[in-house]
Amino acid sequence: MNTFLTIKHIGKTFQPDKEVEVVALRDINLDIERGAFVVLSGPSGSGKTTLLNIIGGLDDATAGEVILDGKLLTGLSEVELSGIRRDHIGFVFQAYNLIPVLTVKENIEYIMKLQGRSQQECDVRCLEVTQKLDIDMLLGKLPNQLSGGQQQRVAVARAVAATPKLILADEPTANLDSKTAESLMNLMQRLNEEEGVTIIFSSHDPLVIAKAKHSIILKDGKVIADERTG
Amino acid sequence: MFFKLAFRNIIAARKRSSVTLFLTSITTALLVFSSAWMDGSHFTMIQNAVEIYPGYIQITEKDFRANPSYDHLIFDASFIETKLAGNDAIANYAARFESFVLFSADEKAVGGMLAGIEPVREKHLSRLFSSLQEGEYLDGDDTNQLYIGSELAKRLQLEVGDEVAFIGNGADYSFAADNLIVKGVFQTGLFDFDASSAFVYKGYFDKIMAAENRATHFIVLPKKPGQAEQLAAAIAADLGGQYQSASWNQTMAALVKAMKLDSFFGYITLGIIFIVIFFVIMIYTLLAVFSRIHEIGILRAIGTTPQQILTQLVLESSMLAFISVVIGGLLGGILAYYFSIYPIVFSGMEEQFKQYGLAASEMPTAFMPLTILRDMTVMFVLSVLSTLYPIFMVNRFKPIEAIHHV
Ligand SMILES: Nc1ncnc2c1ncn2[C@@H]1O[C@H](COP(=O)(O)OP(=O)(O)O)[C@@H](O)[C@H]1O
Ligand SMILES: [Mg+2]
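How each quantity is defined
Residues numbered from 1 in each chain as written. Chains lettered and ligands numbered in written order. Predicted model: local features only at pLDDT ≥ 70, side-chain atom pairs only at ≥ 80, totals over all residues. Heavy atoms only, no water. Pairing = 2+ DSSP bridges. Helix = DSSP H or I, 4+ residues; strand = E, 2+ residues; numbered from the N terminus. pLDDT = per-residue confidence, 0-100. Near = heavy atom within 4 Å. Polar contact = N/O pair within 3.5 Å; in protein donor to acceptor, adjacent residues only side chain to side chain. Areas by Shrake-Rupley, 256 points an atom, 1.4 Å probe, with all protein chains shown as cover. Nonpolar A, V, L, I, M, F, W, Y, C, P; charged D, E, K, R; others polar. Contact = heavy atoms within 4.5 Å. Buried area = accessible area lost by both parts, 1.4 Å probe. Salt bridge = Lys/Arg side-chain N within 4 Å of Asp/Glu carboxyl O. Domains from an automatic or database assignment. Buried < 20%, exposed > 50% of the residue type's maximum accessible area, 1.4 Å probe, protein only.

## Considerations on the pairing of strand β9 (residues 214-219) of chain A
Residue and element names in this part refer to chain A. Two strands pair when backbone bridges link them, and strand β3 (residues 37-41) and β9 are joined in this way by four bridges, in the parallel orientation. In the strand pairing of β9, V38 is matched with H214. Pairing of β9 with strand β10 (residues 222-228), which is carried by six bridges, proceeds in the antiparallel orientation. Counted as the bridge partner of K219 is K222 from β10. Remark: two residues form the turn of the hairpin made by β9 and β10, two consecutive strands paired antiparallel; D220 in that turn has positive phi of roughly 50°.

Put into structure tokens, the structure is as follows:
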């Protein structure tokens with residue numbers, strides 16, 4: 001087994017007040033292979049978002065380690081984590097979160113530019129990705145001129161264009177109707193196969209969950225199922 | 001890319017940007033104009049004070065200014081005369097001999113200054129001639145004709161044509177006295193000066209006061225008054241250690257100091273306005289930055305470093321500050337330029353002005369591009385500085401905190 005991402009004894013306790021403690025994750029242990037297409041499911045409040053944030057280095061775990069492609073992420077500085085996110089991790093958010101003042105093309109190029117790629121390289125990659133996602137006719141538009149489904153496809157394009165090793169998508173379809181959701185999932189599946197990028201997404205939509213080849217179910221911050229189907 | 005983003009963000013936040021732009025450019029214009037106004041009025045006051053009588057440069061024997069007695073006279077006026085005549089940078093010069101005498105007319109006796117001057121040259125060197133109030137100015141062939149300050153004349157109850165006697169010491173400490181006829185009365189507007197000064201032709205003065213080829217000082221008008229200091233130094237070097245050559249900066253040190261103090265208080269007043277503006281911009285930036293904190297969190301999440309966020313936000317505030325400062329600088333500069341050519345006239349305030357030794361009621365501003373640039377730079381730095389604290393604040397958040405911040 002070619003392990004790409006290892007999650008060891010991850011625990012997370014929030015302390016919103018001095019008196020209150022919320023245990024969001026307890027002793028999570030997971031192995032994820034390179035090129036996997038993984039779904040995190042479970043009821044609301046089960047810890048899906050928290051786990052994705054910790055994997056992506058957006059939040060610190062209170063216990064345990066995250067090892068991405070042989071590199072220990074736990075304890076890295078903000079600057080080191082920024083670099084890892086920029087070069088190796090793509091994010092897709094539930095609320096799309098495109099940069100409002102940039103066009104579709106500029107949004108997609110943003111991370112590539114941070115990576116220091118040339119305009120020519122950006123152009124080529126942008127065209128390639130947008131054709132795959134069927135949004136190449138939207139390149140000059142601003143985010144607020146697009147539908148939700150279109151915006152989410154742009155967000156996926158932005159994440160994948162920078163050739164990350166891993167894409168983390170937290171309920172990417174939650175704001176979409178079921179038809180749009182399904183087509184987005186099909187596209188993500190295609191990217192997973194064609195680009196070989198590992199994708200972990202969360203959802204509680206059975207239709208979406210069914211697309212995954214590796215299903216992890218959380219409940220009350222614990223893994224209650226970890227199955228590979230593909 | 002950061003440039004493009006900064007530019008778009010400025011445009012997108014139109015309302016905030018225009019308020020910041022407005023505040024900063026108005027403040028810049030205010031600073032530029034205030035500087036021009038203060039410099040201009042100080043320059044006018046000093047110029048007035050200098051030109052009424054003291055002159056741009058005074059040459060004395062080396063110890064005279066510290067100890068103004070007959071022991072420290074210029075004993076060889078023709079030597080100085082020759083030196084000055086050969087200096088191309090000098091527009092005009094003349095010798096003076098000032099002595100302190102007792103004037104008496106009828107029942108009245110008043111102490112004052114009686115000075116021998118060269119009437120023709122003096123016309124170009126001071127405002128004595130143009131301050132003529134009654135009668136006539138002096139001539140180069142006068143004998144015992146007196147040109148007297150209006151207040152002194154009043155105290156002695158003298159009119160043009162009246163007779164007045166004086167008693168004093170000659171340059172050799174001998175007793176000197178004569179009868180004089182009032183030829184003209186002058187009023188410079190400098191009360192103290194008008195109340196204590198009277199002039200006679202130096203040729204006559206030298207005879208009666210045994211002051212042939214002597215002088216208390218020479219005054220010099222440079223071709224370029226702005227370079228009085230350099231010229232004074234050059235003259236000093238030329239004349240040698242026996243003499244002292246002082247520019248108005250030294251001879252009018254008290255006035256120069258007063259002007260500096262006035263500028264200082266002027267800048268403090270402006271400073272208070274700036275502090276207010278500084279905090280307004282800061283609070284405004286704070287609000288603006290926090291309204292974008294979610295977006296900033298997203299940028300961080302997708303790999304933008306805190307350093308790059310800092311660059312991005314500082315670029316935005318610098319671009320805005322730059323535009324504001326240019327607009328404000330132009331606005332203030334145009335005003336400063338306009339009022340340097342068409343001075344503000346304080347009609348009806350001549351009397352107050354005269355108390356300050358101002359014979360004019362016109363106040364041109366000083367149009368000095370370097371000062372304007374200085375003020376623009378100060379404003380630029382200030383307004384960028386005022387955005388730094390909010391920017392650092394927002395940059396302290398972790399990406400997830402920023403995304404979830406409400
Ligand atoms: N910033 C936070 N402060 C306090 N509690 C939090 C915070 N974020 C999440 N939680 C809590 O952690 C638990 C897991 O939340 P989350 O990971 O968002 O679940 P999910 O994404 O599966 O709905 C919930 O009980 C939630 O209330
Ligand atoms: Mg969630």
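## Thoughts on the confidence of the model for chain B
With 96% of its residues at a pLDDT of 70 or more, chain B shows a mean pLDDT of 89. Per the prediction output, this complex has pTM 0.78; the corresponding ipTM is 0.91.

## Focus: the sheet that holds strand β4 (residues 63-68) of chain A
All names here are of chain A. The four strands lie next to each other as β2-β1-β4-β5, forming an open sheet whose pairing is antiparallel. Of all strands in the sheet, those with a lone pairing partner are β2 (22-33) and β5 (71-72), marking the two edges. Judged from the two bridges that link them, β4 and β5 form a sheet pairing that is antiparallel. Bridge pairing links I67 to L72 in β5.

## Quick word on the site of ligand 1
All names here are of chain A. Neighbouring residues of ligand 1: F14, P16, V22, A24, P43, S44, G45, S46, G47, K48, T49 and T50. K48 places a polar main-chain atom, nitrogen or oxygen, 2.9 Å from an oxygen atom of ligand 1. T49 has a polar side-chain atom sitting 2.6 Å from an oxygen atom of ligand 1. The fraction of the free accessible surface of ligand 1 (560 Å²) that becomes covered by protein chains is 63%. Looking at the shell around ligand 1, the elements with two or more residues in it are β2 and α1 (48-55). Among the elements that line the shell around ligand 1, the one with the most residues is α1, at three residues. The class makeup of the residues in the shell around ligand 1 is five nonpolar, six polar and one charged.

## Quick word on the interface of chain A and chain B
If you look at the interface, chain A gives 22 residues, while chain B gives 23 residues. Buried surface at the junction of chain A and chain B, both sides included, amounts to about 2,200 Å², of which 63% is carbon and sulfur. For the pair chain A and chain B, the interface holds four salt bridges. A salt bridge links K398(B) to D60(A); the shortest N-O distance between them is 2.6 Å. Viewed at the interface, chain B and chain A are joined by nine residue pairs in polar contact (both at pLDDT 80 or more). Those elements that place two or more of their residues in the side of chain A that touches chain B are α2 (78-88) and α3 (104-114) of chain A. When residues of the side of chain A that touches chain B are assigned to their parent elements, the largest contribution, five residues, is made by α3(A).

## Details of the domain arrangement of chain B
As a measure of interface size, the accessible area lost when the parts come together is often cited. All names here are of chain B. Domain parsing of chain B yields domain 1 (2-50 + 255-403) and domain 2 (55-251). A C-alpha centroid distance of 49 Å is found between domain 1 and domain 2. In this assembly, eight residues from domain 1 lie in contact with eight residues from domain 2. Of the roughly 790 Å² buried between domain 1 and domain 2 on both sides combined, carbon and sulfur atoms contribute 58%. Counting across the interface, domain 1 meets domain 2 through zero salt bridges. The interface formed by domain 1 and domain 2 holds two residue pairs in polar contact (both at pLDDT 80 or more) in total. Along the lines of polarity and charge, the residues of the side of domain 1 that touches domain 2 split into four nonpolar, three polar and one charged.

## So, the side chain of E33(A)
One can find E33(A) in strand β2. Here R228(A) takes part through its side chain, which lies 2.8 Å from a polar atom of the side chain of E33(A).

## A closer look at the pattern of salt bridges
Applying the stated rule across the entire model yields 31 salt bridges over all chains. The shortest N-O distance in the salt bridge between R8(B) and E106(A) comes to 2.6 Å. Here E106(A) lies in helix α3 and R8(B) lies in helix α1 (residues 2-12), a pairing that spans two chains. Its relative accessible area of 26% is what places R8(B) among the partly exposed residues. With its nearest N and O atoms 2.8 Å apart, the salt bridge here joins R127(B) to E51(B). Of this pair, R127(B) sits in the loop between α4 (119-125) and β4 (132-135) while E51(B) sits in helix α2 (residues 14-52), and the two are 76 residues apart along the sequence.

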